[in-house]
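Below, each chain spelled out in residue letters.
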There are 2 protein chains.
Amino acid sequence: MSNLEEKFISTERLLDGAFIHVKKDQVLSPKGECFREVVEHPGGVVIVPFLDEDNVIFIRQWRYPVGEEIIEFPAGKLEINEDPFECAKRELIEETGYKANSWESLGFVYSTPGFCSEKLYLYRAKDLEFVGTNFDEFETVESFTKQTKNIPDMIKMGKIVDAKTICAVYKMSY
Amino acid sequence: MSNLEEKFISTERLLDGAFIHVKKDQVLSPKGECFREVVEHPGGVVIVPFLDEDNVIFIRQWRYPVGEEIIEFPAGKLEINEDPFECAKRELIEETGYKANSWESLGFVYSTPGFCSEKLYLYRAKDLEFVGTNFDEFETVESFTKQTKNIPDMIKMGKIVDAKTICAVYKMSY
């Protein structure tokens, strides 16, 4: 067992918004009793869609919280009780119009574990077949294709600044 | 200008916790009027501390939101009006006890831009000099050294699952 563990004592709801949920837990840390505010997140998925050996599909999306249009791999949030793999299949079609016939897990990452429970499951998707897009209401995304050999420069030059996408780039080459 | 832009209409406070702040903005998206819930974050820093050419310092910390002890590079949140570089110098000493005499920016990443404004500035720190640690109250972190050549395996085997740390690993080798 970890000697750094913080043990749950009690919880209090701080916010139940339409999407964002926040709790405040009283915990026993190795240094004594304190509290932790936590953004509760159902988890999500990130997909690296290989159109062929040398090309992957990215999406371009306005991200209101950061006030920018950014480049990401297709991604989405788990629905209640949804299996991450089922979510990945659903989100890939919703955001790119492609169904993948070959899938491989690339593990998971925590996006910002200091204050949020978000766990993102990463997948490599291959053998793509176009079946048509199915965007969420008020979701405006544009997809485009890039050669994998150009990705390191896109990251180096700050054209890709989304953490989950950089993690997926790191892991897609295993 | 981006044709995906979402324009601000009005804002409402949803939560002002001790650490977590949430707003709900009414916005005009290309598909019509809708709202966005946003976790407001002051931004933060991530530091890759090189003890020498071949060794970096990691920290091990209990992250209550994910219920695990995880491995990360030293990192921290900006104080009000704090310059990211000043924050990086402060956090490196606080978490590892080392002052760095050589710094280099590695750009920035957004940790989870779908619902949070957190922008993380990444730095490479060299020429370290031990000056003693200065932990935050109720912060329990342990630092340790790893050879850089072992890091890819740590990520591949899921021993490093923190997104900002994987992004910094990707960028530290430029």
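Residues numbered from 1 in each chain as written. Chains lettered and ligands numbered in written order. Predicted model: local features only at pLDDT ≥ 70, side-chain atom pairs only at ≥ 80, totals over all residues. Heavy atoms only, no water.

Digging into the sheet that holds strand E1 (residues 7-16) of chain A
Residues and elements named next belong to chain A. Here we have three strands laid out as an open sheet, ordered E1-E2-E3, and antiparallel in their pairing. What marks the edges here is a single partner per strand, and that holds for E1 and strand E3 (32-40). Neighbour-to-neighbour, the strand axes of the sheet open up by a mean angle of 20°, direction not taken into account. As judged from the nine bridges shared by strand E2 (residues 21-29) and E3, these two strands associate in the antiparallel manner. Bridge pairing in E3 places Gln26 opposite Phe35. (Pairing = 2+ DSSP bridges. Helix = DSSP H or I, 4+ residues; strand = E, 2+ residues; numbered from the N terminus. Axes fitted to C-alpha atoms, helices over the stretch in contact; angles between N-to-C directions.)

Brief notes about the confidence of the model for chain A
Detailed reading of predicted coordinates is not advised where the pLDDT is low. Model confidence for chain A is summarised by a mean pLDDT of 95, while 97% of its residues fall at 70 or above. Interface scoring of the predicted complex returns ipTM 0.96; its pTM is 0.96. (pLDDT = per-residue confidence, 0-100.)

Some words on the relation of the copies chain A and chain B
Mapping chain A onto chain B calls for a screw motion: a turn of 180° about the axis and a shift of 0.0 Å along it, with 0.0 Å RMSD after fitting. Here the copies are linked by what is in effect a two-fold axis. Of the residues that chain A buries at the interface, 100% are likewise interface residues in chain B, meaning the two copies contact each other through the same surface. (Least-squares fit on C-alpha atoms with pLDDT ≥ 70 in both. Contact = heavy atoms within 4.5 Å.)

Here we look at the nonpolar core
Counting residues in each nonpolar core, the largest one holds 48 residues, and the members touching the most others are Phe73 of chain A together with Phe73 of chain B. Excluding its chain neighbours within four sequence positions, the residues that come into contact with Phe73 of chain A are Val46, Ile47, Val48, Pro49, Val56, Ile57, Phe58, Ile59, Thr165, Ala168, Val169 and Met172 of chain A. (Core = buried A, V, L, I, M, F, W, Y, C linked by side-chain atoms within 4.5 Å. Buried < 20%, exposed > 50% of the residue type's maximum accessible area, 1.4 Å probe, protein only.)

Quick notes on helix H3 (residues 163-172) of chain B
Burial analysis of H3 of chain B places 10 of its 10 residues in the buried class, the great majority of the element. Taken as a whole, H3 of chain B has its buried residues at Ala163, Lys164, Thr165, Ile166, Cys167, Ala168, Val169, Tyr170, Lys171 and Met172 of chain B.

What to know about the pattern of salt bridges
Tallying each qualifying case throughout the model produces 30 salt bridges over all chains. Among the salt bridges present, the one from Arg63 of chain B reaches Glu72 of chain B, with a minimum N-O distance of 2.7 Å. Its relative accessible area of 15% is what places Arg63 of chain B among the buried residues. The exposure class assigned to Glu72 of chain B is buried, which follows from its relative accessible area of 1%. In the salt-bridge network here, residues are joined through shared partners; they are Glu79, Glu82, Arg90, Glu91 and Glu94 of chain A. (Salt bridge = Lys/Arg side-chain N within 4 Å of Asp/Glu carboxyl O.)

Describing the packing of aromatic side chains
Under the defined criterion, the tally for this structure stands at 16 aromatic pairs over all chains. Taking the centre distance of 6.0 Å and the plane angle of 35° together, the rings of Phe85 of chain A and Tyr123 of chain A count as tilted. Placement of the pair is Phe85 of chain A in helix H1 (residues 84-96) and Tyr123 of chain A in strand E9 (residues 119-130), with a sequence separation of 38 residues. The partly exposed category is assigned to Phe85 of chain A, whose relative accessible area is 30%. Here Tyr123 of chain A falls in the buried class, since its relative accessible area comes to 9%. Ring geometry for Phe58 of chain B versus Phe73 of chain B: centroids 4.5 Å apart, planes at 10°, classification stacked. Of this pair, Phe58 of chain B sits in strand E5 (residues 55-63) while Phe73 of chain B sits in the loop between strand E6 (68-72) and strand E7 (75-77), and the two are 15 residues apart along the sequence. (Phe/Tyr/Trp six-rings, centres within 6.5 Å; stacked < 30°, edge-to-face > 60°.)

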